[in-house]
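Close look at the chain arrangement
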Amino acid sequence: MSNTTNEKVRCLIIGSGPAGYTAAIYASRANLNPVLYEGMQPGGQLTTTTDIENFPGYPEGISGFEMMEDLKKQAMRFGADIRLGIATASDLSQAPYKITIDGEKVIETETLIISTGATAKYLGLPDEQKYAGMGVSACATCDGFFYRKKTVAVVGGGDTACEEALYLASLASLVYLIVRKPFLRASKVMQERVMRTPNIKVMFEHNTIGLFGENGVEGAHLVYRMGEEDEEKVDIAIDGFFLAIGHTPNSGIFKEWIETDETGYIKTVPGTPRTNVPGVFAAGDVADPHYRQAITAAGTGCMAAIEAERYLLEKGI
Ligand code: NDP
């Protein structure tokens, strides 16, 4: 880590999803003069989703992008200092804590709110790398447009996979939903929507083992009932391959100091956003393997800012 300390702040927020922006709204209204770094994906995962229909207060739904723009504006209105930049290293050995931004600038902070979210998982096939940007994607709303009237596959059986399949079905002529189990894990309402969409073909008990194509994805090699006696190889012709198999929490740069569970989710004191390091709080998906909703992320972002305010008050900082 560089030793150049450029700046000292009272409250640093890393990440710009609903957790980070909500923390920024509360922290700025409490006069903590928060600085927020937006990270790799300004606005977070919701900027790549379609409509958000389950956030209270939006009876007609709202686009993820619009909601995040509104949250950002709301935080800025109260004076939050929102900046582009990625936290690349941390030293939480003692307060004030040091966070390196973009590998060069070091910020010293009395309180830290980690709201770095989670990142889409891939299957780990070499072909996913080979065809990166040539037909493989983990974001239907980002890339779906390229597959109008084409055939695509979505891998996964949860709410994300169903959402992506439904979105793609509105553009593509045919969507395969490749599910490794004999059932979908998604909520009932999503399952029903998928099942009544005529151009979605659900392929239960199928695993993807590879992709093929000359100048981009032209198809996928699947195995039906992999490992069973009646296992069968199946090839499908597709133009695009979308991953929707869950997420990994973005806690890597804090792991030396902050306790996480075995999959990397930051452990917090139950019912609070407190981590094992005093003055360091975690909010949103980075600390939430269970709910992962915009509303719960916003809730924990609010809690983290209130905790930061109380911590500073107690310390007289
Ligand atoms: P989930 O963890 O719920 O689902 C992941 C899916 O991917 C499962 O079907 C899983 O299969 C499958 N999967 C995992 N690894 C592999 C693999 N290697 N090969 C094949 N399939 C694999 O993740 P989601 O992202 O769907 O959802 C996360 C959370 O966000 C959930 O709580 C969900 O309810 C919520 N959410 C809510 C939405 C909404 O309300 N509108 C929209 C999107 C998400 P298996 O079942 O076999 O484990």
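Residues numbered from 1 in each chain as written. Predicted model: local features only at pLDDT ≥ 70, side-chain atom pairs only at ≥ 80, totals over all residues. Heavy atoms only, no water.

1. What to know about the site of the ligand
Put simply, the rule is: We call a residue near a molecule or strand as soon as one heavy atom of that residue lies within 4 Å of the molecule or strand. Distance and chemistry together define a polar contact, namely a pair of N or O atoms within 3.5 Å, with one atom able to donate a hydrogen and the other to accept it when in protein, and with adjacent residues in sequence counting only for side-chain atoms on both sides. All accessible-area figures derive from a Shrake-Rupley calculation using a 1.4 Å probe, and residue coverage is judged against the displayed protein chains alone. Any residue that is not Ala, Val, Leu, Ile, Met, Phe, Trp, Tyr, Cys, Pro, Asp, Glu, Lys or Arg is counted as polar, Gly included; the first ten are nonpolar and the last four charged.
The immediate surroundings of the ligand are formed by 19 residues, with Gly 157, Asp 159, Thr 160, Arg 180 and Arg 185 found nearest. Within the contact set of the ligand, a nitrogen atom lies 3.4 Å away from a side-chain nitrogen or oxygen of Glu 163. With the chains in place, 78% of the 920 Å² that the ligand exposes on its own is no longer accessible. In terms of residue class, the shell around the ligand is built from 4 nonpolar, 9 polar and 6 charged.

2. Quick word on the packing of helix H1 (residues 18-29) against helix H7 (residues 294-315)
For the record, the criterion: Axis angles are defined between N-to-C directions and span 0 to 180 degrees, where every axis is a line fitted to C-alpha atoms and, for a helix, only to the segment in contact. Numbering of helices and strands runs from the N terminus, with a helix taken as a DSSP run of H or I at least four residues long and a strand as a DSSP run of E at least two residues long. Crossings are assigned a handedness: left-handed for a near helix turned anticlockwise from the far helix by less than a right angle, right-handed for a clockwise turn. Residues count as neighbours in contact if any of their non-hydrogen atoms are within 4.5 Å of one another.
H7 packs onto H1 with a crossing angle of 35 degrees between their chain directions and a minimal axis gap of 7 Å. The handedness of the crossing between H1 and H7 is right-handed. Residues Pro 18, Ala 19, Thr 22, Ala 23, Tyr 26 and Ala 27 of H1 pack against Ala 294, Ala 297, Ala 298, Gly 301, Cys 302, Ala 305 and Ile 306 of H7. In the contact of H1 with H7, the residues fall into 11 nonpolar, 2 polar and no charged.

3. Observations regarding H7
Here is the rule we go by: By this rule, a helix spans an expected 1.5 Å times one less than how many residues it contains. Here's how the labels work: a residue is buried when its accessible area is under 20% of the maximum for its type, exposed when over 50%, partly exposed in between, all with a 1.4 Å probe on protein chains only.
Between its first and last C-alpha, H7 extends 32 Å over 22 residues, near the 32 Å set by a 1.5 Å rise per residue. Every buried residue of H7 is listed here: Ala 294, Ala 297, Ala 298, Gly 301, Cys 302, Ala 304, Ala 305, Glu 307, Ala 308, Tyr 311 and Leu 312. Of the residues trailing H7, Gly 316 is marked for its positive phi of about 70 degrees.

4. Some details on the layout of surface pockets
It is a probe the size of a water molecule, rolled over the atoms, that shows where empty space is left. Definition in use: Only protein atoms enter the 1 Å grid, on which a cavity is a set of points fitting a 1.4 Å probe that cannot get out and a pocket is an open set with protein on both sides within 12 Å along at least 5 of 7 lines, lining residues being those with an atom within 4 Å of a point. Grid points are joined across faces, edges and corners, and a volume is the space filled by probe spheres set on the points.
Approximately 370 Å³ is the volume attributed to the second largest pocket. Tallied by class, the residues present in the lining of the second largest pocket amount to 10 nonpolar, 8 polar and 3 charged.

5. Overview of the sheet that holds strand S10 (residues 136-137)
Which entries qualify depends on this criterion: Strand pairing is defined by DSSP finding a minimum of two bridges between the two strands.
The strand order across the open sheet formed by 5 strands is S10-S17-S11-S12-S13, and the pairing between neighbours is parallel. Here the strands that pair on one side only, and so sit at the sheet edges, are S10 and strand S13 (200-203). Pairing of strand S12 (residues 174-178) with S13, which is carried by 4 bridges, proceeds in the parallel orientation. Pairing of Tyr 176 across the sheet is with Lys 201, part of S13.

6. A short note on the packing of aromatic side chains
Applied cut-off: Only Phe, Tyr and Trp rings are paired, with Trp represented by its six-membered ring, and only when their centres lie within 6.5 Å; those with planes under 30 degrees apart are stacked, over 60 edge-to-face, the remainder tilted.
Applying the stated criterion across every chain yields a total of 3 aromatic pairs. On the basis of an interplanar angle of 75 degrees and a centroid distance of 6.4 Å, the ring pair of Phe 145 and Phe 146 is categorised as edge-to-face. On the numbers, 5.5 Å between centres and 80 degrees between planes, the contact of Tyr 147 with Phe 242 is edge-to-face. One end of the pair, Tyr 147, is in the loop between helix H4 (140-143) and strand S11 (151-155); the other, Phe 242, is in strand S17 (residues 240-243), with 95 residues separating them in the sequence.

7. Re the sheet that holds strand S15 (residues 219-224)
The pairing of strands in a sheet comes from backbone hydrogen bonds and takes either a parallel or an antiparallel form. Pairing within the open sheet is antiparallel, and its 3 strands lie in the order S14-S15-S16. Edge positions in the sheet fall to strand S14 (206-212) and strand S16 (232-237), since each has one partner strand and no second. Averaged over all neighbouring strand pairs, the angle between strand axes comes to 25 degrees, with direction disregarded. The pairing of S14 with S15 spans 6 bridges and is antiparallel. Within S15, the residue paired with Leu 211 across the bridge is Ala 220.

8. Digging into a positive patch on the surface
Threshold: Patch membership needs two things, relative accessible area over 30% and no salt bridge, and members are linked within 9 Å if like-charged or within 5 Å if nonpolar (Val, Leu, Ile, Met, Phe, Trp, Tyr). The working definition used for a salt bridge is a side-chain nitrogen of Lys or Arg within 4 Å of a carboxyl oxygen of Asp or Glu. Charge assignment: positive for Lys and Arg, negative for Asp and Glu; neither His nor the chain ends contribute. Here the site of a charge means atom NZ of a Lys, CZ of an Arg, CG of an Asp or CD of a Glu.
A surface patch of like charges, here positive, comprises Lys 121, Arg 180, Lys 181, Arg 185 and Arg 292. Structurally, Lys 121 is set in the loop between strand S9 (118-120) and helix H3 (126-130).

9. So, the packing of helix H5 (residues 159-169) against helix H6 (residues 188-195)
Viewed as axis vectors pointing N to C, H5 and H6 meet at an angle of 35 degrees, and their least axial separation amounts to 10 Å. Judged by the twist between their axes, the crossing of H5 over H6 is left-handed. In contact with Asp 159, Cys 162, Glu 163 and Leu 166 of H5, H6 contributes Met 190, Arg 193 and Val 194. Of the residues assigned to the contact of H5 with H6, the class counts are 4 nonpolar, no polar and 3 charged.

10. Considering the side chain of Gln 191
When you line up the elements, Gln 191 lands in helix H6. Residue Gln 191 is classed as buried on the basis of its relative accessible area of 18%.

11. What about the pairing of strand S7 (residues 97-101)?
Among the 5 residues that make up S7, 4 are buried, leaving the element largely enclosed by the rest of the structure. Here strand S6 (residues 87-91) runs beside S7; their pairing, made up of 4 bridges, is antiparallel. Bridge assignment links Ala 89 to a residue of S7, and that residue is Thr 100. Between S6 and S7, which pair antiparallel in sequence order, lie 5 residues. Inspection of the sheet shows S7 paired to strand S8 (residues 105-114) by 5 bridges, in the antiparallel sense. Its bridge partner being in S8, Tyr 97 is matched across the sheet by Thr 109. Connecting S7 to the next strand, S8, in antiparallel fashion are 3 residues, including Asp 102 with a positive phi near 55 degrees.

12. Concerning unusual backbone geometry
With omega at -5 degrees, the peptide bond leading from Ala 95 into Pro 96 counts as cis. Here Pro 96 lies in the loop between S6 and S7. Located in the positive-phi region is Asn 31, a residue other than glycine, with phi close to 60 degrees. Position of Asn 31 relative to the elements: it lies in the loop between H1 and strand S2 (35-37).

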